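Each chain, written out:
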Amino acid sequence: MGKRKGNSYGTKRTVRIDGRDHIFHSLPALYDAGIGDVSRLPYSLRILLENLLRHENGVTVTAEVIASLAGWDPHGGPGIEIEFMPARVLLQDFTGVPAVVDLAAIRSALTRLGGNPGRVNPRIPVDLVIDHSIQVDRFGSDSAFLENERLEFERNKERYQLLKWAQQAFDNFTVVPPNTGICHQVNLEFLGRVAMVSEGDDGLTVYPDTLVGTDSHTPMINGIGVLGWGVGGIEAEAVLLGQPYSMPIPEVVGVRFTGDLPAYATATDLVLTVTERLRKLGVVGKFVEYFGPGLPGLGVADRATIGNMTPEYGATVGIFPVDGQTVEYLRLTGREEAARVAEAYYREQDLWYDPGKPDPVYSQVVEIDLGSIEPSLAGPSRPQDRVSLSGAGDSFYQLLEDTGKMAQIKIDREHLEDWLNEGGCPVNGEIPASAGVGPKDICVPISKHDGTSYGLCHGYVVIAAITSCTNTSNPSVMIQAGLLARNAIKRGLQVKPWVKTSFAPGSVAVTDYLIDSGLMPYLEGLRFHLVGYGCTTCIGNSGPLPDDIRKAVVEDDLVVSSVLSGNRNFEGRIHNQVRANYLASPPLVVAYALGGKMSLDLTKDPLGHDTAGNPVYLRDIWPPPAEVQEHVQKYVTPVKFQNTYANVFQGSEQWNVMKVPGGGDYRWDETSTYIKEPPYFADMAADLSDQGDIAGARVLALLGDTVTTDHISPAGAIPEESPAGQYLIAKGVSVADFNSYGSRRGNHEVMIRGTFGNVRIKNQLLAGIEGGFTRHFPTDEQMWIYDAAMRYGDERVPLIVVAGKEYGTGSSRDWAAKGTRLLGVRAVIAESFERIHRSNLIGMGVLPLQFRDGESWKSLGLTGRETYHIAGVSSLSPASKLEVRAVSPDGAERSFSVLARIDTPNEFEYFTNGGILPFVLRQFLKE
């Protein structure tokens, strides 16, 4: 087989859909060409195979590469590198703003270097959904939504002007305005097509819808069989500028579902179980594919819930193949034509899932009996740490033990009866037997709140958020939450007064069907008023706690809790002052708001008492499944989605009256504290320069396991005392106008000052201290990480970061890599890396190095005080081994080998160029 350009195996065929011929590359035709029977390949690999057939060019995609994927060995480990060309790119505004800033900066750099800036346009369709900027400042009132929207526009006007400018300045670029919905739910309900149709010189071509997205939860779209996953903003920029996404052929883990979900279990309970199982198994960098006899019983909403938490169990995708449920969902959401095209094409392509056919062959199969799923939460700080509903209290008490709070319990008998009568928690000591409490029901009482007589205690739930992410695309759990609220109000229950409640659905369709069904007033009756359409609490935009609650938590050092229907609960993410955070289904969020504390066992403890003084248990108000489904069938209809998306790009009055400058070049404003031209191209030569070995490096941060991108680059509030806060104050910004780290990602000066600035990060160079601090060597001074990095830069000392397992877990946050590079870090040495962050580091020219199996900085006796020398960087190749020499202050030396986690030739090319952006700029200069 020689290298030939296109259609080497004669797979080009036509299929007639809606009376018109469509060209496609037939997978079954590969059998006729003698390549073999691909019908036993996992469905996800078949989609990749079609992509190669359609993009065969004889150079980067060859007949040999196609044959290699067609003959995939399920037990051969990661295969050869392939070049994947997604059909489109999805952005959200936190990651989209820096992407637009980078594109504008490339245009500016091209102008300076004598190139043509007009060439800088997306080469494939790009949709940006503004969804990450809304914050829960106001809650519990009818005016909360409008007030939060007003504040959102006041804070983010400069960012929104940039995005509105980009919409008219770039081709192939659309913007979904604020308060329309979250990007992955808009993608699922509207943007996703399942089958794409394009028109060219040869006529119509039909092919699978595929994408990469800068939101980690892009895999929600896997729920309708669309192959897509989250990447860093850096990688997305390369893809949208026409670069292929380079990847090794992945291993594929099959998850076989059997049985049916019990009546009392939700899709949230299922996904928390899946996350726990797969994270323990280890699926980082792998594809996960769901199949089995239990699949037909799971609707798309449940599938999307599972797909949306793919990053939490570490896989690249978690895909459900296309079947009748997919087509039914397209029709439900008002996409009749897309449904017809998808069914015709996927049946013709042998991509249609039929449980009667032989199962695909997988690298590994995991069995999950849906009938075994029980009500669950995850917490208090990781999404994979599932706990049963009955065990949630014990998990919180363990956190108290871990933080040393159990030994600090105070006794105050004076107000004990008041607290008991008001539903507060009892204190340790001589508790009356009539109180009916156990020895673990202990707390730290505080002064009165608003003149009432209850205390705020360890474990009290201060945030209860039905928030846009895993669940709000799922009508069943949303209806269930509304019915539970109705039942609670009818029994006379009310949310505890210390709970900050919020309701932020993922699309307008959700509020439409809740209003139509008459359930919205009941949610509002429990103070779950609409606060906005966007990613709020889960991203750290939970807003401030009420002043007296905040003061009590800070002054008494209370370990308080949040319960949210989101995906992530990493330390410091939800709220800086909330230490215990639990993921739960929307109805359980309502239940914990009623109960008010994590110490409750909701399987047997009452949520409160009715007007007659009788205890009311969760089982008393839990709506039966038949009633839930009756409401879903009656009120969740195609017209709801058609109305929602009829004018999706129109925006609110505040969006439409906003003025933006025209022209193709962005006008950088030096006074702006939101948007600044980044320094990536400063003094960049048109020709490639050598990266060079690393000599005399110091450790900026010595870190443990599961350091998340939230730890590296926070997304929530900007502390006043932090370097970022002090920078803003120096620029004349008041503390009230700080906004969040995420909203200021267009300003590198803020972001590098916030890098490694999470209030919960633990730098092991400083014993027992949390926050963004380090030691400067050789002076041994303690200082902010940013200040130390700047001093090292003045001293011309290169920096490294040393860490443990799962470094970079969490969001696809490009600033976790950008900030690392701009601080002067040349390499990160870790026991293992999360997929997206490893790629992002390479995309910024930072070298990811991995300890040998069984070795760690602890096992090697490293302290972080050493001077490090890394040889072989200048002669690097993919997957090469490098030698590291660490010299202690006393002159003792220790050498060890590390693996360069540059896995593909494309990654090597990006790294040697100093990152993806310099590489792309040099490509434009050659055009």
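Since the structure is predicted, the reported quantities are computational estimates derived from the model, not experimental observations. What you see as residue numbers is a count from 1 along each chain, following the sequence as written. Two thresholds apply to this predicted model, a pLDDT of at least 70 for residue-level local features and 80 or more for giving and counting side-chain atom pairs, whereas whole-chain, interface and lining totals are computed over all residues. Here the side-chain values reflect all heavy atoms present in the structure, with hydrogen atoms and water set aside.

### Considering the overall build of the protein
- Across its full length, the protein carries 31 helices and 32 strands.
- For 927 residues, the compact-globule formula gives about 30 Å, and the C-alpha radius of gyration of the protein, at 27 Å, lands near that figure.
- Summarising its shape, the C-alpha atoms of the protein cover approximately 85 × 75 × 55 Å along the three principal directions.
- Accessibility here uses a 1.4 Å probe with only protein chains present; expressed as a share of the type maximum, an area under 20% marks a residue as buried, one over 50% as exposed, and anything in between as partly exposed. When the 927 residues of the protein are sorted by exposure, 63% land in the buried category. By the criteria applied, helices consist of DSSP H or I runs no shorter than four residues and strands consist of E runs no shorter than two, each listed in order from the N terminus. With C-alpha atoms as the basis for the radius of gyration, the globule rule is written as 2.2 Å multiplied by the number of residues raised to the power 0.38.

### A closer look at the pairing of strand β20 (residues 561-564)
- The two faces of β20 match: S561 and V563 on one face and S562 and L564 on the other face are all buried.
- Two strands pair under a simple rule: DSSP has to find at least two bridges between them. Bridge count between strand β18 (residues 461-467) and β20: four bridges; the pairing is parallel. Considered in β20, the bridge of A465 is made with L564.

### Some remarks on the sheet that holds strand β32 (residues 893-900)
- Within the closed barrel, the seven strands sit side by side as β24-β27-β28-β29-β32-β31-β30. Their pairing is mixed. Going from strand to strand, the sheet's axes swing by 35° on average, the running direction of each strand aside.
- Relative to strand β30 (residues 867-871), strand β24 (residues 694-702) runs antiparallel, the two sharing two bridges. When the bridges of β30 are listed, A697 appears paired with Y868. Note on method: axes are straight lines fitted to C-alpha atoms, helices fitted across the in-contact stretch only, with angles between N-to-C directions ranging 0 to 180 degrees.

### Comments concerning the pattern of salt bridges
- Here, a salt bridge means any Lys or Arg side-chain nitrogen found within 4 Å of an Asp or Glu carboxyl oxygen. Evaluated as defined, the whole model comprises 45 salt bridges.
- R279 is the partner of E806 in a salt bridge, and the nearest nitrogen-oxygen pair spans 3.6 Å. Within this pair, whereas E806 is found in the loop between β27 (799-802) and α28 (814-822), its partner R279 is found in helix α8 (residues 267-281), the two being separated by 527 residues in sequence.
- The buried category is assigned to R279, whose relative accessible area is 10%.
- Across the pair R331 and E336 runs a salt bridge, and its minimum N-O distance is 3.0 Å.
- Residue R331 is classed as partly exposed on the basis of its relative accessible area, which comes to 34%.
- Accessibility expressed as a relative area gives 36% for E336, which makes it partly exposed.

### Details of helix α13 (residues 392-403)
- Compared with the 16 Å implied by 1.5 Å per residue over twelve residues, the 17 Å span of α13 between its first and last C-alpha is a close match.
- Of all the residues in α13, the buried ones are A392, G393, S395, F396, Y397, L399 and L400.
- Directly after α13, the chain includes G404, whose backbone phi takes a positive value near 75°. Helix span, as expected, comes to 1.5 Å for every residue beyond the first.

### Some thoughts on the packing of α8 against helix α9 (residues 300-308)
- Running from amino to carboxyl end, α8 crosses α9 at an angle of 35°, the nearest separation of the two axes being 9 Å. The two elements α8 and α9 meet at a crossing, and its hand is right-handed. The residues of α9 that touch α8, namely those facing A267, T268, L270, V271 and V274, are D302, T305 and I306. By definition, any crossing whose near helix is turned counterclockwise from its far helix by less than a right angle is left-handed, and any crossing with a clockwise turn is right-handed. Here, two residues are considered to be in contact whenever any of their heavy atoms come within 4.5 Å of each other.

### A word on the sheet that holds strand β15 (residues 364-369)
- If you walk across this open sheet you meet the four strands as β14-β13-β12-β15, and the pairing is parallel. Every other strand in the sheet has two partners, leaving β14 (317-319) and β15 as the edge strands with one partner each. Shown here is a sheet whose adjacent strand axes are inclined to one another by a mean of 20°, direction ignored.
- Pairing geometry for strand β13 (residues 287-291) and β14, over three bridges, is parallel. The partner of V288 across the bridge, within β14, is G318.

### Some thoughts on the nonpolar core
- Residues enter a nonpolar core if they are buried and are Ala, Val, Leu, Ile, Met, Phe, Trp, Tyr or Cys, with the set joined through side-chain atoms within 4.5 Å. Among the nonpolar cores identified, the biggest contains 282 residues, and F257, Y290, F528 and Y807 are the most heavily contacted of them.
- Considering every element that reaches this core, the biggest residue donor is helix α4 (residues 93-112), with nine residues.
- For F528, the contacting residues outside a window of four places in its chain are A464, I466, V495, T501, S502, F503, M520, L523, V589, V590 and A593.

### Structural notes on the packing of aromatic side chains
- Aromatic pairs are defined between Phe, Tyr and Trp rings, using the six-membered ring for Trp, whenever the two ring centres lie within 6.5 Å; interplanar angles under 30 degrees are classed as stacked, those over 60 as edge-to-face, and all others as tilted. On inspection of all chains with the given rule, the structure shows 25 aromatic pairs.
- Between the aromatic rings of W165 and Y666, the centroid separation amounts to 5.2 Å while the plane-to-plane angle is 65°, which identifies the pairing as edge-to-face. Remark: Y666 occurs in the loop between α23 (653-656) and β24 and W165 occurs in helix α5 (residues 144-169); sequence separation between them is 501 residues. In terms of burial, W165 and Y666 fall into one category: buried.
- One aromatic cluster is present, built from ring pairs that chain together W165, F170, F173, Y666 and W668.
- Charges are assigned to positions over rings by a cutoff of 6 Å between ring centre and Lys NZ or Arg CZ, combined with an angular limit of 35 degrees from the ring normal. When the ring centre of Y43 is taken as reference, the NZ or CZ atom of R46 above it lies at 4.1 Å.
- Seen from the ring of Y674, R744 lies directly overhead, with NZ or CZ sitting 3.9 Å from the centre.

### Things to note about the packing of helix α7 (residues 233-240) against helix α31 (residues 916-926)
- The contact between α7 and α31 brings their axes to 9 Å, and the two run at 15°. Taken together, the axis directions place α7 and α31 in an arrangement best described as roughly parallel. The crossing of α7 and α31 is left-handed. Facing α7, whose interface residues are I234, E235, E237 and A238, α31 presents I916, L917 and V920.
- Residue classes follow a fixed rule: Ala, Val, Leu, Ile, Met, Phe, Trp, Tyr, Cys and Pro count as nonpolar, while Asp, Glu, Lys and Arg count as charged, and any other residue, Gly among them, counts as polar. Here the contact of α7 with α31 is composed, by residue class, of five nonpolar, no polar and two charged. Should an angle lie under 35 degrees it is considered roughly parallel, over 145 roughly antiparallel, and from 65 to 115 roughly perpendicular; all remaining angles are considered oblique.

### Comments concerning the confidence of the model for the protein
- This prediction gives the protein a mean pLDDT of 90; 93% of its residues lie at or above 70.
- A residue's pLDDT is simply how confident the predictor is in it, with values from 0 to 100. Within the model, pLDDT remains below 50 along residues 408-442, and this stretch shows 59 contacts once partners closer than five positions in the same chain are excluded.

### Points about the side chain of E907
- Its location among the elements puts E907 in helix α30 (residues 905-912).
- You can call E907 buried: its relative accessible area is 9%.
- As used in this structure description, the phrase polar contact means that two N or O atoms lie within 3.5 Å; if the pair is within protein, one of them must be able to donate a hydrogen and the other to accept it, and residues adjacent in sequence are counted only when both atoms belong to side chains. Within the local environment of E907, its side chain forms a polar contact with the backbone nitrogen of D903, the two atoms lying 2.7 Å apart.
- In contact with E907, other than residues within four places in its own chain, are R838, S839, I842, R901 and I902.

### A closer look at the pairing of strand β26 (residues 781-784)
- Pairing of strand β25 (residues 773-776) with β26 involves four bridges; the strand directions are antiparallel. Across the sheet, T774 pairs through a bridge with M783, a residue of β26.
- Hairpin connection from β25 to β26: four residues lie between these consecutive antiparallel strands, with D780 at a positive phi of about 70°.

### Thoughts on α7
- The buried count for α7 comes to eight of eight residues, which makes it a mostly enclosed element.
- Among the residues of α7, G233, I234, E235, A236, E237, A238, V239 and L240 are the ones counted as buried.
- At the exit of α7 stands G242, carrying a positive phi of roughly 100°.

### What to know about the side chain of T467
- Residue position: T467 is located in strand β18.
- A relative accessible area of 0% means that T467 is categorised as buried.
- Not counting the four nearest positions on each side in its chain, T467 is found in contact with T472, A504, T536, T537, C538, L564, S565 and G566.

### Some points on unusual backbone geometry
- G379 connects to P380 through a cis peptide bond whose omega is 15°.
- Note on placement: P380 falls in the loop between β16 (376-378) and β17 (386-388).
- The step from F777 to P778 runs through a cis peptide bond, and the omega angle for that step is 10°.
- Although it is not a glycine, N179 adopts a positive phi angle of roughly 60°.
- Along the chain, N179 turns up in the loop between β6 (173-176) and α6 (183-191).

### A short note on the environment of D394
- Here D394 is to be found in helix α13.
- Given a relative accessible area of 46%, D394 falls into the partly exposed group.
- Between the C-alpha atom of D394 and that of S599, which follows or precedes it by 205 residues, the distance is 7.5 Å.

### Let's talk about the environment of D610
- Along the polypeptide, D610 turns up in the loop between β22 (608-609) and β23 (615-616).
- Take D610: its relative accessible area is 13%, and that puts it in the buried class.
- Separated by 118 residues in sequence, D610 and G492 have C-alpha atoms that sit 5.0 Å apart.
- Look past the residues within four positions of D610 in its chain and what remains in contact with it is R491 and V616.
- A distance of 2.9 Å separates a polar side-chain atom of D610 from the backbone nitrogen of A612.

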